[in-house]
Amino acid sequence: FIMKERCGTATGGAEDEGEAEAGWIEGAAILLSVICVVLVTAFNDWSKEKQFRGLQSRIEQEQKFTVVRGGQVIQIPVAEIVVGDIAQVKYGDLLPADGIFIQGNDLKIDESSLTGESDQVRKSVDKDPMLLSGTHVMEGSGRMLVTAVGVNSQTGIIFTLLGAGGEEEEKKDKKGPKQYTVSKQQDGAAAMEMQPLKSAEGGEGDDKDKKKSNMHKKEKSVLQGKLTKLAVQIGKAGLVMSAITVIILVLYFAIDTFVVNKKQWLPECTPVYVQYFVKFFIIGVTVLVVAVPEGLPLAVTISLAYSVKKMMKDNNLVRHLDACETMGNATAICSDKTGTLTTNRMTVVQAYVGDVHYKEVPDPDSVPAKTLELLVNAIAINSAYTTKILPPEKEGGLPRQVGNKTECGLLGFVLDLKQDYEPVRNLIPEEKLYKVYTFNSVRKSMSTVIKMPDGSFRMYSKGASEIVLKKCSRILNAAGEPRIFRPRDRDEMVKKVIEPMACDGLRTICVAFRDFNSSPEPDWDNENDILSDLTCICVVGIEDPVRPEVPEAIRKCQRAGITVRMVTGDNINTARAIAIKCGIIHPGEDFLCLEGKEFNRRIRNEKGEIEQERIDKIWPKLRVLARSSPTDKHTLVKGIIDSTQVEQRQVVAVTGDGTNDGPALKKADVGFAMGIAGTDVAKEASDIILTDDNFSSIVKAVMWGRNVYDSISKFLQFQLTVNIVAVIVAFTGACITQDSPLKAVQMLWVNLIMDTFASLALATEPPTEALLLRKPYGRNKPLISRTMMKNILGHAVYQLTLIFTLLFVGEKMFKIDSGRNAPLHSPPSEHYTIIFNTFVMMQLFNEINARKIHGERNVFDGIFRNPIFCTIVLGTFAIQIVIVQFGGKPFSCSPLQLDQWMWCVFIGLGELVWGQVIATIPTSRLKFLKEAGRLTEKEEVPEEELNEDVEEIDHAERELRRGQILWFRGLNRIQTQIRVVKAFRSSLYEGLEKPESRTSIHNFMTHPEFRIEDSQPHIPLIDDTDLEEDPALKKNSSPPSSLNKNNSAIDIAKLNLHSRFAPVGQRNLNIYETIYRDIYI
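Residues numbered from 1 in each chain as written. Predicted model: local features only at pLDDT ≥ 70, side-chain atom pairs only at ≥ 80, totals over all residues. Heavy atoms only, no water.

- As named in an unreviewed UniProt entry, the chain is Calcium-transporting ATPase, taken from Accipiter nisus.
- As its UniProt record puts it under Function (unreviewed entry), the chain is described as follows: "Catalyzes the hydrolysis of ATP coupled with the transport of calcium." (UniProt positions renumbered as here; feature names shortened; annotations may be inferred.)

Take a look at the structure:
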């Protein structure tokens, strides 16, 4: 008692032994609250991770490959391929296993993912027949005998090397070797990045996943950038407020105790004063905890994960989680025509045969017998043998089209002419085809050469009508005999046949043939000579009907402020007709429809270089780009993204299905690959896979994307209101009454419901069609609009007014004891319990207000469509009753009477009424309100990210994938040294036969002698030093001064050969660096 007197009012008041012993409760309660928050966050992260892995495994399971088993061609999951399988490979495939090429045509492989050489390698049965997993088929088709799968395949071996670090090996389950993704760097140079599929480590949202697997995209997603900036601003403000709170409390206590009351700091009083300072520090931490929006990453994560799950039902398989948020900001969509806007079910509806233009499929009797036989042979033989028309699955249904849809349309034409293509294929099986020029985006045609019984050759050709007709010098007449076909005849045919067909929206295909003598045998590699002097058999018009739901979907896009552009390889008239049917262009509008050639002519200067200013003149009005190559598509996408002509940076979505669409899909903000028609390469380059290949699914993605953005805004509006109120109450209360009206544990509970439950409730709002009635937000629009700021400040004013009223006159209103200036360890007061309860009730009802962020009046609209929201609001209310009535000392709560409860709920309900009052105030009048969370252009690409061009691997990843980087560096340094050694050894080979050139990795690996291809590699090395700039190497001619140097160069070469395929570790890296240094010195 004497000590109490000496230490002043420090410990005076109603305190007994029991209360003092209960001091640990507050600490334990805080710890429990923290554990709750951590566990809930961890659970959310775990469920997100599980979902992400589920998506990835689904992507893997969906990857199927065609094999021949028991004479039947079947598709099986990649994981089920076994050694000994005969696999069919075709253009666009990513090879899942190693094998030997046993039969095929014009097969070219991109082995850059293994060798780093960007040149395509031609494969043949007798010369270089090895096919390796992880490489891409760029041209042609064929069959291979599988020789190695899983860990024993080339990719598996590298993957094992990468995962050789002990713990990684332990973690790896049986599926391990299959779990890799191949991604190409944007510049076309290739590095195979086999990443074990891991999601982001923490709750920072799935944006990290995107960054890891899609390193070419340096810009943060729009939302991520804005949130990061806002969170930093709020965090700084919170830190300042908490520091000021602690300083004021300490100063107030010190001045009051030592200056006003003139007390001495006695040694025995130290524990008492320390207790006070600890209490002040806890209040300061409480202010900081409430100020910082920890729930922000959680809200983003939940919203994205929820959206991704729901998007699966809307046929959008999201590969990179922040793609759906980016899609909400899309301002332009560059879409393919075939299969996306159309049904991709091709049928021949018009034909020009024997000088007659038939508006429907002709009667077989009206076509000359000779022409009919040539036509059937040309279509049956000059198509992929995997393309077939199968009987319908259900009786009365349409025949099933398997393989290339255009070829299916032509085979269907053969069947409509009452002919059969199977006997022709049986007579000339695929193995007997002499030479095949497969279809690619450059040729725009396909040709097949067969050997006739008399030893001569015949070539059948088909392709885009205007391209093939230019190569025709004859045409079959009404009697089936060839007649001269002059350029003026061709012009007349284009006007009278092809253009009318194209204007009906038909794809026009020309079928032709040419005969060659047996001797001398033509030079088949001289393509220009071979593909000329053709005889035209017929021209057909193939209809690909517009999907019935597409016009409405495009109308929604246009209403939502998104410009839809069609980029197609088809004839311009066909493209324009389809664009009108879809509603992409409307007669009378000011728009451009260009062909690829014209587009290139307009965007390039005299030197043939692309100029951004020229693109800027075209893209705003461009709606249709026809006869375009994949390069044109990439150029257009890049041009729109890089344009500074408009105030907002354009956010571009692109659809693609072909291998060559990869660069455009990568460059786009969001790349959509076709799930059915898309090649593996296109899927790898994409962000979202459309499982039904339908354009209307893209509109759903836009809706979900905007919903994610709105969900985050709703959560922010709710959270910031709570933050502002809680911080001001804690700060003011602490300064005036030397104690925070809201205790630490109560603040943590508020934070728990705020952060976790509110983010769950508001982030799971389902999207509505109303989202498509507004324009995209754009990159520069602030996250917190003026309307939201009005709502935040308006509700904060209401809540603060009532809380301060209760704080200073509440005890008189309710006729209870005052809780102000209570001594340390005093029991909970009814007064402060009412304040806490009223505060929570106001937050609960304000959560309903937060559902609307654009000033709508009906906040209950669609509330029952979100059962999660209703459950959380009711659940939180129930838990609050338990805390107040039974929380006692840990929660600093005293049980309340029924009438006190009714007042708390009544004040909470006032939030809804106050919300209507705020909605009445026009935002335009409140000019003083500032927006927050704006992302300026300069901040879009942080400087440190721009400096990542050389390796594009950030520090965290550098640690994670050390082995991988060593592997790539090792391989690239080998290439570097080889080129350097070539400079030194040039004199050695003088007078000797030049070493044989070796392009394929197999030659490189199977021949022990040191022979290297003379051509320069086309890829930038991952190593920091750019050898191209070294003048001594550029000349490649100055012979070394002494033979010793040559010998050392050869020794280096041998040393390289020994260490080349050893597991790359630090030892090897040191050897490489030593060699590198020696050569340069």
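**Looking at the overall build of the chain**
- A count of helices and strands for the chain gives 37 helices and 26 strands.
- By the burial criterion, 55% of the 1081 residues in the chain qualify as buried.
- Within the chain, contacts between residues at least 6 apart in sequence are counted, and of these 74% link residues at least 24 apart.
- Accessible surface computed for the chain: about 47,500 Å², of which carbon and sulfur atoms make up 58%. (Helix = DSSP H or I, 4+ residues; strand = E, 2+ residues; numbered from the N terminus. Buried < 20%, exposed > 50% of the residue type's maximum accessible area, 1.4 Å probe, protein only. Contact = heavy atoms within 4.5 Å. Areas by Shrake-Rupley, 256 points an atom, 1.4 Å probe, with all protein chains shown as cover.)

**Digging into the packing of aromatic side chains**
- Considering all chains together, one arrives at 20 aromatic pairs under this definition.
- Measuring from ring centre to ring centre gives 5.4 Å for F258 and Y273, while their planes differ by 80°; the resulting arrangement is edge-to-face. With F258 in helix α8 (residues 222-260) and Y273 in helix α9 (residues 270-291), the pair connects residues that are 15 residues apart, well separated along the chain.
- With a relative accessible area of 24%, F258 lands in the partly exposed category.
- Using a relative accessible area of 0% as the deciding quantity, one classes Y273 as buried.
- Here F516 and W524 contribute two aromatic rings whose centre-to-centre distance is 5.3 Å and whose plane-to-plane angle is 75°, an arrangement assigned as edge-to-face. (Phe/Tyr/Trp six-rings, centres within 6.5 Å; stacked < 30°, edge-to-face > 60°.)

**Observations concerning the UniProt feature "transmembrane region" (unreviewed entry) in the chain**
- Mapped onto this numbering, the UniProt entry annotates "transmembrane region" (unreviewed entry) at residues 24-43, 239-260, 280-306, 715-736, 792-810, 868-888 and 900-921.
- The distance from the first to the last C-alpha atom of residues 239-260 is 30 Å, and the span holds 100% helix and 0% strand.
- Here residues 792-810 is 100% helix and 0% strand, with 25 Å between the C-alpha atoms at its ends.

**Describing the pattern of salt bridges**
- Evaluated as defined, the whole model comprises 33 salt bridges.
- Two residues, R474 and D533, come together in a salt bridge whose shortest N-O distance is 3.3 Å. Of the two residues, R474 sits in strand β17 (residues 472-476) while D533 sits in the loop between α17 (527-530) and β20 (534-543), which places them 59 residues apart along the sequence. (Salt bridge = Lys/Arg side-chain N within 4 Å of Asp/Glu carboxyl O.)

**Some points on unusual backbone geometry**
- Each neighbour pair has its own omega, and for S519 with P520 the value is -5°, a cis peptide bond.
- Locating P520 in the fold gives a position in the loop between β19 (506-516) and α17.
- The backbone of D533 sits at a positive phi, close to 55°, despite the residue not being glycine.
- Despite not being glycine, R627 has its phi angle at roughly 45°, a positive value.
- In this fold, R627 is placed in the loop between β23 (622-626) and α22 (630-642).

**A look at the sheet that holds strand β24 (residues 652-656)**
- The 8 strands lie next to each other as β8-β26-β25-β24-β9-β21-β23-β22, forming an open sheet whose pairing is mixed. One side of each edge strand has no neighbouring strand; the edge strands of this open sheet are β8 (316-318) and β22 (592-595). Taking the axes of each pair of neighbouring strands and ignoring which way they run, one obtains an average angle of 20° across the sheet.
- The pairing of strand β9 (residues 332-335) with strand β21 (residues 563-567) spans 4 bridges and is classified as parallel. Note on β21: the bridge partner recorded for I333 is V564. (Pairing = 2+ DSSP bridges. Axes fitted to C-alpha atoms, helices over the stretch in contact; angles between N-to-C directions.)

**Remarks on helix α27 (residues 786-813)**
- Maximal helix bending in α27 amounts to about 55°, located at L807.
- Two residues or fewer past α27, K815 is found with a positive phi of approximately 55°. (Bend = angle between axes of the 7 residues up to and from the residue.)

**As for helix α29 (residues 867-886)**
- Counted at 1.5 Å a residue, the expected span for α29 with its 20 residues is 28 Å, and the 28 Å between its end C-alpha atoms agrees.
- Among the residues of α29, F869, C870, I872, V873, T876, Q880, I883 and V884 are the ones counted as buried. Summarising the axial view, the buried residues of α29 lie within an arc of 165°, below the 170-degree limit, and thus occupy one face. α29 presents P867, T871, L874 and F886 as exposed residues on the side facing more than 90 degrees away from its buried surface.
- G888 sits one or two positions beyond α29 and adopts a positive phi of about 55°. (Expected span 1.5 Å × (residues − 1). Arc of directions from axis to C-beta.)

**Observations regarding the side chain of T721**
- Residue placement: T721 occurs in helix α25 (residues 695-737).
- Note on T721: relative accessible area 1%, which makes it buried.

**Looking at the pairing of β24**
- Burial analysis of β24 places 5 of its 5 residues in the buried class, the great majority of the element.
- Here β24 shows a buried face lined by V652, V654 and G656 and a second buried face lined by A653 and T655.
- Bridge analysis of β9 against β24 gives 3 bridges, and the strand direction is parallel. Paired with C334 across the strands is V654, a residue of β24.
- Judged from the 4 bridges that link them, β24 and strand β25 (residues 670-674) form a sheet pairing that is parallel. Of the residues in β25, the one forming a bridge with V654 is G671.
- Of the crossover connections in this fold, the one passing from β24 over helix α23 (residues 662-667) to the parallel β25 is right-handed. (Right-handed = clockwise from strand over helix to strand, strands pointing away.)

**Comments concerning the environment of T155**
- On the secondary structure map, T155 appears in helix α5 (residues 154-162).
- The sequence separation of T155 and T135 amounts to 20 residues, and the corresponding C-alpha distance is 9.1 Å.
- From its side chain, T155 meets the backbone nitrogen of G134 in a polar contact 3.5 Å long. (Polar contact = N/O pair within 3.5 Å; in protein donor to acceptor, adjacent residues only side chain to side chain.)

**A short note on the packing of helix α12 (residues 369-381) against helix α13 (residues 405-416)**
- The contact between α12 and α13 brings their axes to 10 Å, and the two run at 145°. Crossing geometry of α12 relative to α13 is assigned as left-handed. Where α12 abuts α13, its residues L375, V376, I379 and A380 lie against L410, L411, F413 and V414.
- Residues belonging to the contact of α12 with α13 are distributed by class as follows: 8 nonpolar, no polar and no charged. (Left-handed = near helix turned anticlockwise from the far one by under 90°. Nonpolar A, V, L, I, M, F, W, Y, C, P; charged D, E, K, R; others polar.)

**Here we look at the confidence of the model for the chain**
- A residue-level look at the chain finds 76% of positions with pLDDT of 70 or above and a mean pLDDT of 77.
- The low-confidence segment residues 937-960 (pLDDT under 50) makes 39 contacts with residues lying over four places distant or belonging to another chain. (pLDDT = per-residue confidence, 0-100.)

**Re the environment of F808**
- Of note, F808 is situated in helix α27.
- Exposure remark for F808: the relative accessible area of 31% places this residue in the partly exposed category.
- Taking the C-alpha atoms as reference points, F808 and S818, separated by 10 residues in sequence, lie 8.7 Å from one another.

**Looking at the packing of α9 against α25**
- At their nearest, the axes of α9 and α25 sit 8 Å apart, and the two run at 165° to each other. When the axes of α9 and α25 are compared, the pair comes out roughly antiparallel. Judged by the sense of rotation from one axis to the other, the crossing of α9 with α25 is left-handed. Contacts between α9 and α25 pair I283, V287, V290 and A291 from the former with N723, A726, V727, A730 and A734 from the latter.
- Its residues placed into classes, the contact of α9 with α25 shows 8 nonpolar, 1 polar and no charged. (Parallel < 35°, antiparallel > 145°, perpendicular 65-115°, else oblique.)

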